[in-house]
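Each chain is listed here by its residues.
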Amino acid sequence: MRCNCLWPWVSLEEEKSLLMSRSEIPLVGTAKRESPEHVRLSLAAAMTLGFTKGWFYRNAKLRCINLLLTYDRGCAANCAFCGLAAEKSEQAVARGKFIRVPWQTFPLDEVIAATSDAPANVGRVCVSMITHPHAKRDVLAVCRRVARDTGKPVSLLIAPSVLTKDDLWAMKDAGADRIGVAIDAATSEIFDRLRGKPVGGPHRWDTYWRTFQQSLEIFGEGMAGVHLICGLGETEQELAGAIWRARTMGGTTHLFSFFPEKGSAMEHHPQPPVGTYRRIQLARWLIDRDRTRIEAMQFDGLGRIKHFGLPDADLEAVIMSGEPFETSGCPGQDGIVACNRPYGNEKPGSGIRNFPFPPEAEDLEQIRTELWDYAAAVATSHDFTHRR
Ligand code: SF4
C-alpha cells in the first residue's frame, strides 16, 4: 500500500467484483522503467484514465489521479505498516504488484495525455515521493510537467527524510499548490517504533512535524495537511491530540483507517474497531472546521471519546449531514474534496470506512449505530504488539 502513505485501492485478485477484465493488465517488465520518465498509477487511477477496464462499487467516481514515483531499488525506508518497505519491494515487484493493489508503471507522457482528457470529475493530481536519493529531483520534474500540461492543481505527498526547506520552495516553483506530509502515527513513541530505528528506518518524528510547519509557511495556511492513520496502537485521545496539533499549526488532517497489508510487518494487526474510527472521523471534522476544541472534548479513563464538545442538537445535525464520514483529503478547485480514494481503507462492500461519496440514508443509519459502539475499542488501543 504505502510508502509514506499510499493507500491500497482495490485488489485485483481479492476484489474481482471491481474489475471486468484482467487481461489488459500489463505485467511489470524487466527493462528499467523509472521516474521521471515513468510513474506508477493506482488501479483506481488506471481505470479512471482508461488504461484498465473496470468499474467501481456503488459507482464511485475517483476525483484525484494519484501518481507514484518508481525506482527499481524501491523505497529505502522500512515502515512496519507499509507494503512498499524496502525488504519487501523485491518480492512485490517480482509479483507485479504492491501488496493489495497493483501499481502499474506507465510512461509519464501517456499519463499526462490521459489526464488532460480525464473525465470532468477529476479535479486534482497528486504525485507521491518515496524515500529514494533521486526522488526529490524527480518529483520536481514530474510536478512541473503535470502542472503545465494538464492544468490541474497538483499536490505533492512528500518524503521529509530526504528534503530541506529549499526543496519545498522548489516544489512551489514547480507548480504544486498543496503538500501532504504522511506523519501517519499519532505519537512519537509509535512513530519511532514503526518507522524509525527499531525497524531500521530513517524517519524521525521531529523531522516530519518540522517539515509540515515549513510547508505551511511556504504554501500558506490550510495548504498543507498531515496524513494520520487510525489503528496503529494509539488511543482515541492521542489521535485527537495529533489532529488538534495539526489544526493549531494551520493545517488539516487527512485520515486513514489502518488496513493490514499482506507481507508487511503488521499484516496480522487488526483494523481499528469501526466505533473508534467513526468517533475519530467526527472529531477530525469538528476540529478541522473549528467547531470544537480539544479542551472541550471529554475522554474516559481509557482515552475513548465520550463527548465532542458541542451541544447534542448541533452534533446530531453534523452527524446527519454525513460529511464527517466522507474521505478527507486535498480539495479540487471547487473546494470539495478531490482526493476521495475509493475503497482505500477496506474492501468494496458494506463496511465502508471513508465514504468516497455522500453517505445515503441507510449508510447514516449504520454510522449512527457504529458511532456509539465502544465494545472493541479498548482492546485494539492497548493490545498492539509489533509482530515481525
Ligand atoms: S490527501 Fe492530498 S497529499 Fe494526500 S494523497 Fe490525497 S491529494 Fe495527495
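Read on for an overview of the structure. Numbers given for residues are sequential positions, taken from 1 along each chain in its written order. Restriction of local features to residues with pLDDT of at least 70 applies here, the model being predicted, together with a cutoff of 80 or more for giving and counting side-chain atom pairs; totals for whole chains, interfaces and linings are based on all residues.

### Topic: the overall build of the chain
Let me state the cut-off plainly: Helix and strand assignments come from DSSP, with helices taken as H or I runs of at least 4 residues and strands as E runs of at least 2, each series counted from the N terminus. Here the C-beta atoms are placed from the backbone, and a residue counts as buried if at least 20 other C-beta atoms lie within 10 Å of its own, exposed if 12 or fewer do, and partly exposed otherwise. Note that contacts rest on C-beta atoms placed from the backbone: two residues are in contact if these are within 7 Å.
Summing up its helical and strand segments, the chain has twelve helices and ten strands in all. Split into buried and exposed, the 388 residues of the chain put 53% on the buried side. Excluding contacts between residues fewer than 6 apart, the proportion of contacts in the chain whose partners are at least 24 apart in sequence is 77%.

### Some details on the nonpolar core
This is how it is decided: Under the definition applied here, buried Ala, Val, Leu, Ile, Met, Phe, Trp, Tyr and Cys residues are grouped into a nonpolar core through C-beta atoms within 7 Å.
By size, the foremost hydrophobic cluster in this structure holds 101 residues, and its most contacted members are Leu 67, Val 127, Cys 143, Leu 156 and Ala 283. Excluding its chain neighbours within four sequence positions, the residues that come into contact with Val 127 are Leu 67, Val 139, Val 142, Cys 143, Val 146, Val 154 and Leu 156.

### Considerations on the pairing of strand S8 (residues 252-257)
Formally: The criterion for strand pairing is that DSSP finds at least two bridges linking the strands in question.
The element S8 is extensively covered by neighbouring structure, given that six of its six residues are classed as buried. Alternating residues of S8 divide into Thr 252, His 254 and Phe 256 and Thr 253, Leu 255 and Ser 257, and every residue in both groups is buried. Sheet analysis places strand S7 (residues 224-230) next to S8, joined by six bridges and oriented parallel. Bridge pairing in S8 places Ile 229 opposite Phe 256.

### Topic: the site of the ligand
This is how it is decided: Nearness here is judged by the C-beta atom: place it from the backbone, and if it falls within 6 Å of a molecule or strand, the residue counts as near that partner. Three classes are used, and their members are as follows: Ala, Val, Leu, Ile, Met, Phe, Trp, Tyr, Cys and Pro are nonpolar, Asp, Glu, Lys and Arg are charged, and the others, Gly among them, are polar.
Surrounding the ligand, one finds Cys 64, Arg 124, Cys 126, Ser 155, Leu 157, Gly 180, Gly 225, His 227, His 254, Gly 329, Cys 330 and Cys 339. Looking at the shell around the ligand, the elements that each hand over two or more residues are strand S4 (124-128), strand S5 (154-158) and S7. When its residues are assigned to classes, the shell around the ligand shows five nonpolar, six polar and one charged.

### Here's the deal with the sheet that holds S5
Two pairing modes exist for strands in a sheet, parallel and antiparallel, and in both the strands are linked by backbone hydrogen bonds. So the rule is basically this: Lines fitted to the C-alpha atoms define the axes, with helices restricted to the stretch that makes contact. Angles between their N-to-C directions range from 0 to 180 degrees.
The strand order across the open sheet built from eight strands is S3-S1-S2-S4-S5-S6-S7-S8, with neighbouring strands paired in mixed fashion. Of all the strands in the sheet, just strand S3 (104-107) and S8 have a single pairing partner and so form its edges. Recorded for the sheet is a direction-independent mean angle of 30° between the axes of neighbouring strands. By the bridge criterion, five bridges tie strand S6 (residues 176-184) to S7 in an arrangement that is parallel. Considered in S7, the bridge of Ala 182 is made with His 227. Along the sheet face, helix H3 (residues 108-116) touches strand S1 (38-41), strand S2 (64-68), S3 and S4 and points at about 85° away from the line of S3.

### Notes on helix H9 (residues 274-288)
This is how the line gets drawn: What a helix is expected to span follows from its residue count: subtract one and scale by 1.5 Å.
With 15 residues, H9 should cover 21 Å at 1.5 Å per step; its first-to-last C-alpha distance of 21 Å lies within 8% of that length. Once H9 ends, the next one or two residues include Asp 290, with phi positive near 55°.

### Re the packing of H9 against helix H11 (residues 361-371)
A packed helix pair is summarised by two numbers, namely the angle formed by the two axes and the spacing between the axes. For clarity, the cut-off: Orientation categories follow fixed angle ranges, with anything under 35 degrees roughly parallel, anything over 145 roughly antiparallel, 65 to 115 roughly perpendicular, and all other angles oblique.
In the contact formed by H9 and H11, the axes pass within 8 Å of each other and the chain directions differ by 100°. Classified by the interaxial angle, the pair formed by H9 and H11 is roughly perpendicular. Across from Val 274, Gly 275, Arg 278, Arg 279 and Leu 282 in H9, the residues of H11 making contact are Ile 367, Glu 370 and Leu 371. A breakdown of the residues in the contact of H9 with H11 according to their chemical character gives four nonpolar, one polar and three charged.

### Quick word on the environment of Lys 136
Here Lys 136 lies in helix H4 (residues 135-150). In this structure the C-alpha to C-alpha distance between Lys 136 and Val 162, which are 26 residues apart in sequence, comes to 7.2 Å. In this structure Lys 136 touches Val 162, Leu 163 and Asp 167, once residues within four positions along its chain are discounted.

### Considering unusual backbone geometry
Ser 35 connects to Pro 36 through a cis peptide bond whose omega is 10°. Note on placement: Pro 36 falls in the segment before S1. One non-glycine residue with positive phi stands out, namely Arg 58, at about 55°. In this fold, Arg 58 is placed in the loop between helix H1 (43-48) and S2. A positive phi angle, near 55°, is found at Asp 290, a position not held by glycine. Locating Asp 290 in the fold gives a position in the loop between H9 and strand S9 (298-299).

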